[in-house]
Amino acid sequence: MADPTAQRVWDTALGQLQIHVTKPNYDTWLKDTLGLRHEDGNFIVGVPTEFVKEWLGTRMKGIVSQTVGGILGQPTEVSFEIIGTNGKPNGQVHVNRNGRPATKTAAMPLDEASPVHSLISSPLLKQRLNPRYTFRTFVVADSNRIAAAAALAAAEKPGEDYNPLFIYSSPGLGKTHLLQAIALRAGQININALYVTSEQFVNDFITSIAQSRTDEFRRRYRSVQLLLLDDVQFLGSKGKSQEEFFYTFNDLHSNGCQIVLACDRPPSAIPGMEARLSSRFQWGLTADIALPDEETRLAILMAKASERRVDVPTEVLSYLADRVRDNIRALEGCLNRVVAYARLTRSTINLEVAQKALAALTPTAAAPANPQAILEAVSEYYGVPLAAITGKSRAKQIAEARHIGMYLLREDAELALKQIGLLLGHRDHSTVIHGVQKITRALIADPRLSVQLTEIRESVSHL
């Protein structure tokens, strides 16, 4: 059983990790985890399967340990422990006619002769529908109104009005929410729907070929009334998978089955996508989701706060809405972090608490380097007296050191051209411009110069 304190720490960590890792990685590897306990500098996280445990342990242990350690204020080693799914499905989302997701788990070993072995044993951890991604929780605004209305029509009247429906937008604006809302709604009204990502489609196809079960693969993907394919851009440049999807698309469309696609760009702009497919993607309705305005961002935050049953002052919501303007997922992640931080510290949510909660996410600008330290480091590195660098000599070695000094004073000390000229013997600003441009061009042509600059900068930091 999870320790409440450990779970609060882990909630805070998840709020931060949700912003720093990609959505597919978060949803696949982190979303269904629990904070179990904290003992002797080791924080234990509960995971649903051995597969998740191995992946987190080898791929994400570093960032997870760093995040948890930052919250606890001390170096912390994170380990992962299998706790099972606690009744949650861990398989591919296949919404059946009774309105519930029908899933197969990948955790139990299957006999090679089993007729369901091939695709269920795919190395890809299957996608799951998020029960929170419903039409009711999707905040409709001018920026997404057409996409939302078309999605609802596709769910309730598949194959009738908009087929295919192609939704595109920048990452984090609600495409996945709409696709999963369609799948959940279709299941409620006894429509057989299948939601997958393009990556999952490709991996299932490859697995079916390797196990000589392409017929089973085709039955799975072509026997549904409604196919929802997320992250279509992943199909780009994958010739065999595109060909298979081309025939799957034709089969479903000719039989009046609904196809809904989501992508991060319009059909004609997908790199490596065959013309015959991008053309078919435009047969029905292409709907974009634009960036939300401030009112929409506030409405989304209010809805999320209400969903979590927490009271968040308007000034805090406004602060968050102003901080994140182009990604709803990151906006929700900031709210989650503030709520988790307030619970962990047993604080009332206010503007000061919100600023503290998000302080670690704001990059701290490095202070400009000390100009005198730069000149001394250049002098020592090139073996040229500082007086010579600031003097009148135009000897090659001295001039080169002087130009390096000009470049570093401009880039690292962030000095104005006039200030640099004064430091280097009252030189004209045009002379400084020439020196900076000369080093900038040299960096492109001579990789060794970049190494030299790195060594000088390291010596500056130790002065």
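Parameters and conventions
- Residues numbered from 1 in each chain as written.
- Predicted model: local features only at pLDDT ≥ 70, side-chain atom pairs only at ≥ 80, totals over all residues.
- Heavy atoms only, no water.
- Helix = DSSP H or I, 4+ residues; strand = E, 2+ residues; numbered from the N terminus.
- Buried < 20%, exposed > 50% of the residue type's maximum accessible area, 1.4 Å probe, protein only.
- Contact = heavy atoms within 4.5 Å.
- Pairing = 2+ DSSP bridges.
- Right-handed = clockwise from strand over helix to strand, strands pointing away.
- Core = buried A, V, L, I, M, F, W, Y, C linked by side-chain atoms within 4.5 Å.
- Phe/Tyr/Trp six-rings, centres within 6.5 Å; stacked < 30°, edge-to-face > 60°.
- Axes fitted to C-alpha atoms, helices over the stretch in contact; angles between N-to-C directions.
- Parallel < 35°, antiparallel > 145°, perpendicular 65-115°, else oblique.
- Left-handed = near helix turned anticlockwise from the far one by under 90°.
- Nonpolar A, V, L, I, M, F, W, Y, C, P; charged D, E, K, R; others polar.

Asker: Help me get a handle on the overall build of the protein, residues and values and all.
Answerer: Of the regular secondary structure elements, the protein holds 20 helices and 10 strands. Counting over 463 residues, the protein shows a buried share of 47%. Here the analysis covers contacts within the protein between residues at least 6 apart in sequence; of these, 74% occur between residues at least 24 apart.

Asker: Give me the pairing of strand 3 (residues 77–82): which residues, what numbers.
Answerer: Along any regular strand, the residues point their side chains to alternate faces of the sheet. Bridging between strand 2 (residues 42–47) and strand 3 involves 6 bridges; their strand directions are parallel. From the neighbouring strand, I44 faces strand 3, where its bridge partner is S79. As a crossover connection, the stretch from strand 2 through helix 3 (residues 50–72) into strand 3 is right-handed.

Asker: Which residues make up the nonpolar core, and what values do they have?
Answerer: In this structure, L178, L226, L228, V260, V312 and L320 are the most contacted members of the largest nonpolar core, which totals 51 residues. With 8 residues, helix 13 (residues 328–344) is the largest single contributor of residues to this core. Every residue in contact with L178, bar those within four places of it in the chain, is listed here: F135, F138, A147, A148, A151, I167 and I289. Residues L375, I398, V432 and V436 belong to the second largest nonpolar core, which totals 27 residues.

Asker: Give a description of the environment of K356 that names residues and reports values.
Answerer: Structurally, the position occupied by K356 is in helix 14 (residues 351–359). With 15 residues separating them along the chain, K356 and Y341 place their C-alpha atoms 8.7 Å apart.

Asker: How would you summarise the packing of aromatic side chains if you had to cite specific residues and measurements?
Answerer: Taken as a whole and assessed by the stated rule, the structure comprises 14 aromatic pairs. Their ring planes at 80° and their centres at 5.0 Å tell us that F201 and Y221 sit as a pair that is edge-to-face. Taken as a pair, F201 in helix 7 (residues 198–210) and Y221 in helix 8 (residues 214–222) lie far apart in primary sequence, 20 residues in all. In this structure, F201 and Y221 share a single accessibility class: buried. Seen in terms of ring centroids, F201 and F245 are 5.5 Å apart; in terms of plane orientation they differ by 85°. Their pairing is edge-to-face.

Asker: An account of the packing of helix 11 (residues 294–308) against helix 12 (residues 314–323) is requested, with residue identities and associated values reported.
Answerer: Running from N to C, helix 11 and helix 12 cross one another at 125°; their axes reach a closest spacing of 9 Å. Comparing the axis directions of helix 11 and helix 12 gives the class oblique. Both helix 11 and helix 12 take part in a crossing whose hand is right-handed. Listed contacts from helix 12 to R297, L298, L301 and M302 of helix 11 are L317, S318, L320 and A321. Its residues placed into classes, the contact of helix 11 with helix 12 shows 6 nonpolar, 1 polar and 1 charged.

Asker: So what about the sheet that holds strand 1 (residues 34–39)? Which residues, and what values?
Answerer: Pairing is mixed in the open sheet, where 3 strands are placed in the order 1-2-3. If you trace the sheet from one side to the other, it starts and ends with strand 1 and strand 3, each paired once. Across this sheet, the average inter-strand angle for adjacent strands is 25°, counted without regard to direction. The sheet contact formed by strand 1 and strand 2 spans 5 bridges and is antiparallel. The residue bridging H38 from the neighbouring strand is F43, located in strand 2. Against the sheet, helix 1 (residues 4–20) contacts strand 1 and strand 2, and its axis sits at roughly 115° relative to strand 1.

In short, geometric facts, not functional conclusions.
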